[in-house]
Amino acid sequence: MKNWYVVYTKPKWEKKVAERLNEIEIECYCPLITQIKEWSDRKKKIEVPLFNSYVFVYLEDIDRNSVFQIPGVVRYLFWLGKPAIVRDEEINIIKTSLKAPNVSDITVSSIQVGDRIKLETGVFTNQDAVVQEISNTYYILMLESLGCILKIKYK
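Residues numbered from 1 in each chain as written. Predicted model: local features only at pLDDT ≥ 70, side-chain atom pairs only at ≥ 80, totals over all residues. Heavy atoms only, no water.

Across its full length, the protein carries two helices and 13 strands. Projected onto its principal axes, the C-alpha coordinates of the protein cover approximately 45 × 45 × 25 Å. Of all 155 residues assigned to the protein, the portion counted as buried reaches 35%. With an accessible surface of roughly 10,500 Å², the protein has 49% of that area assigned to carbon and sulfur atoms. (Helix = DSSP H or I, 4+ residues; strand = E, 2+ residues; numbered from the N terminus. Buried < 20%, exposed > 50% of the residue type's maximum accessible area, 1.4 Å probe, protein only. Areas by Shrake-Rupley, 256 points an atom, 1.4 Å probe, with all protein chains shown as cover.)

Below, the structure written as C-alpha cells:
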C-alpha cells in the first residue's frame, strides 16, 4: 500500500530533490508558492517551497530506502517513532489551496497563546492548529497533523 511520506532535505535543495525523484520515477510533491523578492536594484517573482526542507514522496513502505540515492535527501520525518505519513486528503488540501486565488485580508479575533483553532482560509484550510506565539506582525501556529510550525504575517 502506498503512502505519502515526508522527506527532509538539505536546506534549499527541495526543488532539486523533487526533480531528481521524478527522474527516477518516484512520485513526489514539492508545494511551491510565488513570492516577490526584493534586492537593492530590482524586484523579482520567484517560486519557493511552501515547506522549507520538506518534499512529500508517494511510495510503498518497502521502497522507502530508494530515496536515499538522491543527493540532498537527509532523512525521513518521524512522528511518534515511526516515519510520518501524510493522508491523501491533506496533500489534496494543499494542492487545491495553492490553486486558489491569494487571500489578501485575514482577520483574527481574540486568539490567545495555547488556543486550538481550525484554519478557515488559505493553503491550510480545515487544518487544526495550536497558537504558539502572537506578535504585532505575525502569528506562529503549530499544525499537529503535519508536524510543522506555520508563521502567518499580517499588517
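Once you've had a look at it, read on.
Tracing the backbone through its elements, the reader meets Phe56 in strand E5 (residues 54-60). For Phe56, a relative accessible area of 2% translates into the label buried. Taking the C-alpha atoms as reference, Phe56 lies 8.6 Å from Ala18; in sequence the two are 38 residues apart. Apart from residues no more than four positions distant in its own chain, Phe56 is found in contact with Trp4, Tyr5, Val6, Glu27, Cys28, Tyr29, Pro31, Phe51, Val86, Ile91 and Ile94. (Contact = heavy atoms within 4.5 Å.)

Across its 12 residues, helix H2 (residues 88-99) extends 17 Å between first and last C-alpha, which sits within 8% of the 16 Å expected from 1.5 Å per residue. Structurally, H2 contributes buried residues whose contacts are with strand E1 (2-9), strand E2 (27-29), E5 and strand E9 (85-86). (Expected span 1.5 Å × (residues − 1).)

A full pass over the atoms with the stated rule returns seven aromatic pairs. Here Tyr8 and Tyr54 contribute two aromatic rings whose centre-to-centre distance is 6.1 Å and whose plane-to-plane angle is 65°, an arrangement assigned as edge-to-face. With Tyr8 in strand E1 and Tyr54 in strand E5, this residue pair connects regions lying 46 residues apart in the sequence. According to the relative accessible area criterion, Tyr54 is buried, its value standing at 14%. Through pairs of rings, three or more aromatic residues link up here, namely Tyr8, Tyr29, Phe51, Tyr54 and Phe56. The lysine or arginine in question, Arg42, covers the ring of Trp39, its NZ or CZ lying 4.8 Å from the ring centre. (Phe/Tyr/Trp six-rings, centres within 6.5 Å; stacked < 30°, edge-to-face > 60°. Lys NZ or Arg CZ within 6 Å of the ring centre and 35° of its normal.)

In this section: the nonpolar core. Counting 23 residues, the largest nonpolar core has Phe51, Phe56, Ile94, Phe124, Leu143 and Leu146 as its most contacted members. No other element matches the three residues that strand E12 (residues 138-143) contributes to this core. With 15 residues, the next largest nonpolar core counts Cys30, Val67, Ile70 and Val73 among its residues. (Core = buried A, V, L, I, M, F, W, Y, C linked by side-chain atoms within 4.5 Å.)

Here we come to a positive patch on the surface. There is a patch of like positive charges on the surface, built from Lys12, Lys37, Lys151 and Lys153. Lys153 gets classed as exposed once you look at its relative accessible area, which sits at 67%. (Patch = residues over 30% accessible without salt bridge, like charges linked within 9 Å, V, L, I, M, F, W, Y side chains within 5 Å. Salt bridge = Lys/Arg side-chain N within 4 Å of Asp/Glu carboxyl O. Lys, Arg positive; Asp, Glu negative; His and termini not counted. Charge placed at Lys NZ, Arg CZ, Asp CG, Glu CD.)

The next thing to look at is the environment of Ile111. With respect to the helices, strands and loops of the structure, Ile111 is situated in the loop between H2 and strand E10 (116-118). Along the chain, Ile111 and Tyr139 lie 28 residues apart, while their C-alpha atoms are 9.7 Å from each other.

Position of Ser53 relative to the elements: it lies in the loop between strand E4 (43-49) and E5. Look at Ser53 and you get buried, because its relative accessible area is 7%. Sequence-distant contacts of Ser53, that is, excluding residues within four places in its chain, are made with Val7, Tyr8, Thr9, Lys10, Pro11 and Glu14.

The sheet built from four strands is open, its strands ordered E10-E11-E12-E13 with antiparallel pairing. Of all strands in the sheet, those with a lone pairing partner are E10 and strand E13 (148-153), marking the two edges. For this sheet the average axis-to-axis angle between neighbouring strands, irrespective of direction, equals 40°. Strand direction decides the pairing type here: E10 and strand E11 (residues 128-134), joined by three bridges, are antiparallel. Paired with Ile117 across the bridge in E11 is Ala129. (Pairing = 2+ DSSP bridges. Axes fitted to C-alpha atoms, helices over the stretch in contact; angles between N-to-C directions.)

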